[in-house]
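This is what each chain is made of:
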Amino acid sequence: MRYNEGADLDTSDVSDLRGSGGGGGFGGRGLAVGGGGLGIVGVIVVVLFQLLGGGSGTGTGSGVGGFGAIGQGQSADNSELAQQCRTGADANSSVECAVVADIESIQDYWTQVLGERYGRTDTVFFSGQVQTQCGAASSGTGPFYCPADQLVYIDLSFYDELTQRFGAQGGLFVDAYVLAHEYGHHVQALLGTSEQVTPGLTGPSSGSVRLELQADCYAGSWANHAETVPDASGRPLIADITDDDIARALDAAGRIGDDFIQENLGGGRVDQGSFTHGSSAQRQRWFTTGYSTGDPARCDTFSTDDLG
């Protein structure tokens, strides 16, 4: 995956809490948690706030990009990020600048697709732990979307965890897939799809699984258009996505299905009744559906009996 060298990066879609010194304590009580795009929540972190509803939850946002969740002592400071991440050339040499470009491209895509129905929202970079309107979260949570404040959260060390613990091949496009999945949850919240899901229900055809598979499909639909989605200047931020990039994304999807995680990182026994994110094969199938068609309308996982 390569970024257009001369493209201008916009860090305004990121709120950088790293170094704020205010990760916050764990006294907060969450209402809903956007369930880590790669299937960790509800599978490995089984007791995360005792909120095993999976998906992006069913809470409604208090306003796009709201910051009522930032705890005392926390403040976003993008100054260093803005200095480091100026152009596509920076994205080609720095993971965090690549993530900035990914977020901008993903949101430009959904603005193009949904028009005024889409409200841009921030991704919050944090380190260690963070307070949200969904409660406290740690790096072990994995990336997640909080519907109560309509923000995406990520500790960038997760990308190392994905390769080192899960054995994924990784790469810049896999990093982008993770974020595109979480922004899929934001789209679901804006369109009211999340409200179709009953919190706490699990299983291979549960609403939480359908929500996660749809987010994978939405990620694929963005990937289909990523090389042509224009930014504010009219130029695409992403220059090239290769077949190897797609293969790496499918490899990652295969390693974060409920069945793979339970068998290889859990107790060794697959319990379909506890599925919250879908099997490896399902996640690969729905990402591929989005990528091959480029059509978010083909991502309706709620009206089919065949999830794969």
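The structure we're discussing is the one just above.
Quantities reported herein were computed from a predicted structural model and do not represent experimental measurements.

**Examining the nonpolar core**
Right, on to step 1. Grouped together as the largest cluster of nonpolar side chains are 61 residues, with contacts concentrated most on F173 and W222.
Right, on to step 2. A per-element tally of this core places helix α3 (residues 95-114) first, with 10 residues.
Right, on to step 3. C134, A137, C146 and L151 belong to the second-largest nonpolar core, a separate cluster that totals 11 residues.

**Comments concerning the packing of aromatic side chains**
Right, on to step 1. Under the counting rule described, the total for this entry stands at eight aromatic pairs.
Right, on to step 2. Here F173 and W222 contribute two aromatic rings whose centre-to-centre distance is 6.2 Å and whose plane-to-plane angle is 10°, an arrangement assigned as stacked. Taken as a pair, F173 in helix α5 (residues 172-191) and W222 in helix α6 (residues 207-225) lie far apart in primary sequence, 49 residues in all.
Right, on to step 3. Residue class for F173 comes out buried when judged on its relative accessible area of 1%.
Right, on to step 4. Ring geometry for F173 versus F287: centroids 6.5 Å apart, planes at 70°, classification edge-to-face. Of this pair, F173 sits in helix α5 while F287 is found in helix α9 (residues 280-293), placing the two residues 114 residues apart along the sequence.
Right, on to step 5. The exposure class assigned to F287 is buried, which follows from its relative accessible area of 2%.

**Notes on the pairing of strand β5 (residues 135-138)**
Right, on to step 1. Across four bridges, strand β4 (residues 129-132) lies against β5 in antiparallel orientation. In the sheet register, T132 faces β5, and the bridge partner there is G135.

**Quick look at the packing of α3 against α5**
Right, on to step 1. Where α3 meets α5, the axes come as close as 9 Å, and the angle between the chain directions of the two elements is 35°. In this structure, α3 meets α5 at a crossing whose hand is right-handed. For the pair α3 and α5, contact is made by V95, A98, V99, D102, I103, I106, Q107, W110 and L114 and by L172, D175, A176, L179, A180, Y183, V187 and L191, respectively.

**A word on unusual backbone geometry**
Right, on to step 1. One non-glycine residue, Q150, lies in the positive phi region at around 55°.
Right, on to step 2. With respect to the secondary-structure elements, Q150 resides in the loop between β6 (144-146) and β7 (151-154).

**What about helix α7 (residues 243-255)?**
Right, on to step 1. Between the first and last C-alpha of α7 there are 19 Å, a value that for 13 residues agrees with the 18 Å anticipated at 1.5 Å per step.
Right, on to step 2. Every buried residue of α7 is listed here: D245, I246, A249, D251, A252, A253 and G254.
Right, on to step 3. Packed against the buried residues of α7 are α5, β8 (238-240), α8 (258-264) and α9.

**What about the side chain of T301?**
Right, on to step 1. In this structure, T301 sits in the segment after α9.
Right, on to step 2. T301 sits in the buried class, given a relative accessible area of 0%.
Right, on to step 3. Setting aside residues no more than four positions away along its own chain, T301 makes contact with R210, L213, Q214, W286 and L307.

**Quick word on the sheet that holds β7**
Right, on to step 1. If you walk across this open sheet you meet the four strands as β2-β3-β7-β6, and the pairing is mixed. One side of each edge strand has no neighbouring strand; the edge strands of this open sheet are β2 (14-16) and β6. In this sheet, neighbouring strand axes are inclined to one another by 30° on average, regardless of whether the strands run parallel or antiparallel.
Right, on to step 2. Sheet analysis places β6 next to β7, joined by three bridges and oriented antiparallel. Among the inter-strand pairings, C146 is bridged to a residue of β7, identified as L151.
Right, on to step 3. Each of β3 (123-125), β6 and β7 touches α5; the most contacted strand, β6, lies at about 25° to it.

**Brief notes about the state of the cysteines**
Right, on to step 1. Enumeration according to the criterion identifies three disulfides in this entry.
Right, on to step 2. Covalent S-S linkage joins C217 and C299, the inter-sulfur distance amounting to 2.1 Å. Every disulfide takes its handedness from the sign of the S-S torsion; for C217 and C299 that torsion is -70°, giving left-handed. Taken together, the residues C217 in helix α6 and C299 in the segment after α9 connect sequence positions 82 residues apart. Residues C217 and C299 agree in their burial class; the two are buried.
Right, on to step 3. Here the disulfide map of the chain reads 1-2, 3-4, 5-6, the bonded cysteines being numbered as they appear in the sequence.

Conventions adopted
Residues numbered from 1 in each chain as written. Predicted model: local features only at pLDDT ≥ 70, side-chain atom pairs only at ≥ 80, totals over all residues. Heavy atoms only, no water. Core = buried A, V, L, I, M, F, W, Y, C linked by side-chain atoms within 4.5 Å. Buried < 20%, exposed > 50% of the residue type's maximum accessible area, 1.4 Å probe, protein only. Helix = DSSP H or I, 4+ residues; strand = E, 2+ residues; numbered from the N terminus. Phe/Tyr/Trp six-rings, centres within 6.5 Å; stacked < 30°, edge-to-face > 60°. Pairing = 2+ DSSP bridges. Axes fitted to C-alpha atoms, helices over the stretch in contact; angles between N-to-C directions. Left-handed = near helix turned anticlockwise from the far one by under 90°. Contact = heavy atoms within 4.5 Å. Expected span 1.5 Å × (residues − 1). Disulfide = S-S within 2.5 Å.

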